[in-house]
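Examination of the molecular architecture
Single-letter residue listing:
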Amino acid sequence: MGKIAGLKPSSNNSSLTDSAIQMLKCIGIKKTNSLHSFGSSNKEDFASFGPFIVVLDGHIYNPEDFPSSSKEQTDSERILESLQKISLRETLAKINGDFAIAIFNKQTECLTLARDRFGIKPLYYSSTEGNTGFASSIQSLLYLSFVSKSINPSFLKTAAALNYRFLDADPTRSPFSDIIQVAGGSAVEFTNNSIRTYSFFNWESKEKNQTGLIHHTDYIDLFRDAVARRLKKTSTPMFTLSGGLDSSAVVAMAHRITGVPQPAISSIHNGEAFDEEKEIMDIVNSGIVDWEPISINDPDIFDLLEKASIIHEYPIPTATWLNHFILTEKVKNLGYTSLFTGLGGDELNAGEYDYFYYFFADLKYQKKEALLKHEIETWVKNHDHPIFEKSNLLAQNKMSNLTDLAIPGQCRPDVNLLYKYQSLLHPDLKNLEDVIPTFQVTANSYLLSHSRNELQRNTMPCCLRASYFNTSAFGISDFHPFLDWRLFELMDQVPIEEKIRNGVTKAFARKAYNGILPESTRKRIEKKGWNAPAHKWFAHQGRQKLLDLISSRRFNERGIYNQTEVRNIIDQHFGIIDSGKNIENHMMVIWQIVSLEMWLQKFDL
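First things first, this report covers the structure right here in the doc. Predicted model, so just to flag it, every value in this text is computed and none were measured.

Attention now goes to the overall build of the protein. What the protein contains, in helices and strands, is 26 helices and 17 strands. For 605 residues, the compact-globule estimate of 2.2 N^0.38 gives 25 Å, and the protein sits close to it at 24 Å. When each of the 605 residues of the protein is scored for burial, the buried share is 58%. Long-range pairs, those at least 24 residues apart, make up 71% of the contacts in the protein between residues at least 6 apart in sequence. For the protein, the accessible area works out to roughly 24,100 Å², and carbon and sulfur atoms hold 48% of it. For the protein, the distance from the average position of its 65 positive side-chain charges to the average position of its 71 negative side-chain charges is 2 Å.

Spelled out as structure tokens, the structure:
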């Protein structure tokens, strides 16, 4: 599938088809296709019948739920045929897939835009001065004469204030004031006189019905089905492989389905704490994969960031996605057309380190004091760290700061991530109160509510976006089997005590993977995370370029940062790296500063 773009038809504009084509050509798409006022990079994305016109970027994984007399129907045609039988809302809710879609009804002159439940495919729109345009690319919308390049001030402040986790806290916010993001799981309806937004599905909380009757075989059967359905959409899949549980589980399941070793690719950082080669070899030696390791050792980080920034429409969130960029280019050169990841596994199975705090809050609210004491003790035992120490006091403080223990399921944002480097900002940007999000209660469980926040408003949106930019730039489709909403509905019914147990995350999934993964992988507690030693890259080959960047006239005239404070932080970072001390450095904020500046330069801002 490919990128899409278009405009809401208007009697005042006679060249809408050309405009839609130009919206795609301006982002480098040479072969464009058009239908009415819609454009796409692939002809099969379109469908038209009766009053409806459909253009789709994405995949439907449950074609059996869209019965048709023709076996050769495209996914867009299946959706169109469904609209002849049931409502648009019912049709969207029925789709198990990754999609961004535009539907125009010529009779009612109504344009509807929608994204899949997790927002895997991007979709934006701008509606000003009586004109409405949409696209899967922000740059396509900036091409339009009625869309300005004015930066959304709250986006700029959030991006500059350190943490990528808050960029999508407002799921409709984009980097530009005139451009709005269609939120995952929602539809936006444009008529002649109004704009209406609605959710096309209700994610009901099922924890009240938790009985422990969900068996590990239920999970494995559904996980197998999720992987199998996505494998059917490609003939040449490649799998990203880290030393973690999720990417290993995806490729292991693909191996079980196909019966043959699967091609897998990994980034290797020799001699670094971030290197996961030892852990990866457990999967390689099991015969599950044909492995392609890519060594990345002290590269010119500025050269890499400049190349990657060209294809990204947001600041690149973390070094992980620079790794992914390098791997994706290699995947393309090897001749593969799709890339499978383990994204979503942490949110599905309670796998991130900070999930412990919400789990503790659940136990505290439920007055399970003995179990809470045991879980905190085992958490400290399993996860204490020389830099990030664990203790009962820390657990209690985190519960108080990250949850409201008087309201079940009410989670709070970690404002320390925003305020940690507040001193770096220009005085005009230091007030961060307007960018601190308020999270809705979506479940009675703090753990469940937090995982949904992560999926829809915190870490997942920027990860999916970065994955999409990297893969689509090289003509590759990305697939994320864990982001099958049926899996989340199933796991909603699993009691929290089965998701985290004895100070170990993903306890339920670990049991389910028995016999599928090597025991060393299945039982590994340590979680490195797919990362890169960018802290050293900035201090070694990138040192002079980093100093040149923050000293440049262009950087300082933007008025985003306090130059003196930025230089102090960078000098501190160099000192920490040069000393070799095992203490916390400032890589994350340096990454944000550099990535934001390169993003601003990309858009000539």
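The next thing to look at is the pattern of salt bridges. By the definition in use, this model includes 29 salt bridges. Across the pair Asp 484 and Arg 230 runs a salt bridge whose closest N-O atoms are separated by 3.2 Å. Taken together, the positions of Asp 484 in the loop between strand 17 (477-479) and helix 18 (485-491) and Arg 230 in helix 6 (residues 216-231) put the pair 254 residues apart, joining distant regions of the chain. Classification of Asp 484 as buried rests on a relative accessible area of 0%. Salt-bridge contacts for Asp 246 lead to Lys 506; the nearest nitrogen and oxygen are separated by 2.7 Å. A residue pair is termed long-range when its members are at least 10 positions apart, and Asp 246 in helix 7 (residues 245-258) and Lys 506 in the loop between helix 19 (496-499) and helix 20 (507-512) qualify at 260 residues.

On to the packing of helix 6 against helix 7. At their nearest, the axes of helix 6 and helix 7 sit 10 Å apart, and the two run at 80° to each other. Relative to helix 7, the element helix 6 is oriented roughly perpendicular. Across from Ile 220, Phe 223, Arg 224, Val 227, Ala 228 and Leu 231 in helix 6, the residues of helix 7 making contact are Ala 249, Val 250, Met 253, Ala 254, Arg 256, Ile 257 and Thr 258.

Here we take up the nonpolar core. Within the largest apolar cluster, 154 residues are counted, with the highest numbers of intra-cluster contacts made by Tyr 219, Phe 223, Tyr 513, Phe 538, Tyr 561 and Trp 591. At ten residues, the largest contribution of residues to this core is made by helix 26 (residues 587-602). Excluding residues within four positions of it along the chain, Tyr 219 makes contact with Leu 348, Asn 349, Phe 482, Leu 487, Leu 490, Met 491, Phe 508, Ala 509, Ala 512 and Tyr 513. Counting residues in hydrophobic clusters, the runner-up holds 20 residues, among them Phe 356, Phe 359, Tyr 446 and Leu 447.

A separate point is unusual backbone geometry. Among all residues save glycine, negative phi is the norm, and among peptide bonds the norm is trans. A positive phi angle, near 55°, is found at His 36, a position not held by glycine. Here His 36 lies in the loop between strand 2 (33-35) and strand 3 (38-40). Judged by its relative accessible area of 41%, His 36 is partly exposed. In this structure, Asp 604 is a non-glycine residue whose phi angle is positive, near 55°.

Time to look at the sheet that holds strand 16 (residues 338-340). Spatially, five strands are ordered 15-14-13-16-17 in an open sheet, and the strand pairing comes out parallel. One side of each edge strand has no neighbouring strand; the edge strands of this open sheet are strand 15 (289-295) and strand 17. Each strand of the sheet is rotated relative to its neighbour by a mean of 30°, with strand direction disregarded. The pairing of strand 13 (residues 237-240) with strand 14 (residues 262-268) spans two bridges and is classified as parallel. Directly across from Thr 240, in strand 14, lies its bridge partner Ile 265. Relative to the sheet, helix 8 (residues 277-285) contacts strand 14 and strand 15, its axis offset from that of strand 15 by approximately 160°.

Where strand 4 (residues 46-49) and strand 5 (residues 52-60) come together, four bridges link them in antiparallel fashion. Looking across to strand 5, one finds that Ala 47 is bridged to Val 54. Hairpin connection of strand 4 to strand 5: two residues between the antiparallel strands, including Gly 50 at a positive phi of 60°.

What follows covers the pairing of strand 1 (residues 4-7). What you see with strand 1 is no split at all: Ile 4 and Gly 6 on one side and Ala 5 and Leu 7 on the other are buried throughout. Both strand 1 and strand 3 contribute to a ladder of three bridges, which runs antiparallel. Bridge pairing in strand 3 places Ile 4 opposite Ser 40. Where strand 1 lies against strand 9 (residues 131-135), three bridges are found, and the strand directions are antiparallel. Bridge assignment links Ala 5 to a residue of strand 9, and that residue is Ala 135.

The subject of this paragraph is the sheet that holds strand 9. The strand order across the open sheet formed by six strands is 2-3-1-9-8-10, and the pairing between neighbours is antiparallel. A single partner strand is all that each edge strand has here, and the edge strands are strand 2 and strand 10 (180-181). Where strand 8 (residues 124-128) meets strand 10, two bridges bridge the pair, whose relative direction is antiparallel. Pairing of Tyr 124 across the sheet is with Gln 181, part of strand 10.

Conventions we followed
- Once a new chain begins, its residue numbering starts again from 1 and follows that chain's sequence as written.
- For a predicted model such as this one, the threshold for reporting local features is a pLDDT of at least 70, and the threshold for listing and counting side-chain atom pairs is 80 or more; totals across whole chains, interfaces and linings nevertheless cover every residue.
- Water and hydrogen atoms play no part in the side-chain values, which are based on all heavy atoms of the structure.
- Helix and strand assignments come from DSSP, with helices taken as H or I runs of at least 4 residues and strands as E runs of at least 2, each series counted from the N terminus.
- The globule rule is 2.2 Å times the number of residues to the power 0.38, and the radius of gyration it is compared with is taken over C-alpha atoms.
- Categorising residues by exposure relies on relative accessible area from a 1.4 Å probe, with only protein chains included: less than 20% of the type maximum marks a residue as buried, more than 50% marks it as exposed, and the intermediate range marks it as partly exposed.
- In what follows, a contact means two residues having at least one pair of non-hydrogen atoms within 4.5 Å.
- For accessible areas, the Shrake-Rupley method is used with a probe of radius 1.4 Å. Any residue's cover is judged against the shown protein chains and nothing else.
- This count recognises Lys and Arg as positive and Asp and Glu as negative, with His and chain-terminal groups excluded.
- Where a charge lies is defined by one atom per residue type: Lys uses NZ, Arg uses CZ, Asp uses CG and Glu uses CD.
- The term salt bridge refers to a pairing of a side-chain nitrogen on Lys or Arg with a carboxyl oxygen on Asp or Glu at a separation within 4 Å.
- For helices, the axis comes from a line fit to the C-alpha atoms of the stretch in contact; other axes are also lines fit to C-alpha atoms, and the angle between any two N-to-C directions lies between 0 and 180 degrees.
- For classification purposes, angles smaller than 35 degrees are called roughly parallel, those larger than 145 roughly antiparallel, those between 65 and 115 roughly perpendicular, and all remaining angles oblique.
- What we call a nonpolar core is a set of buried Ala, Val, Leu, Ile, Met, Phe, Trp, Tyr and Cys residues that are connected through their side-chain atoms within 4.5 Å.
- Any two strands with at least two DSSP bridges between them are considered paired.

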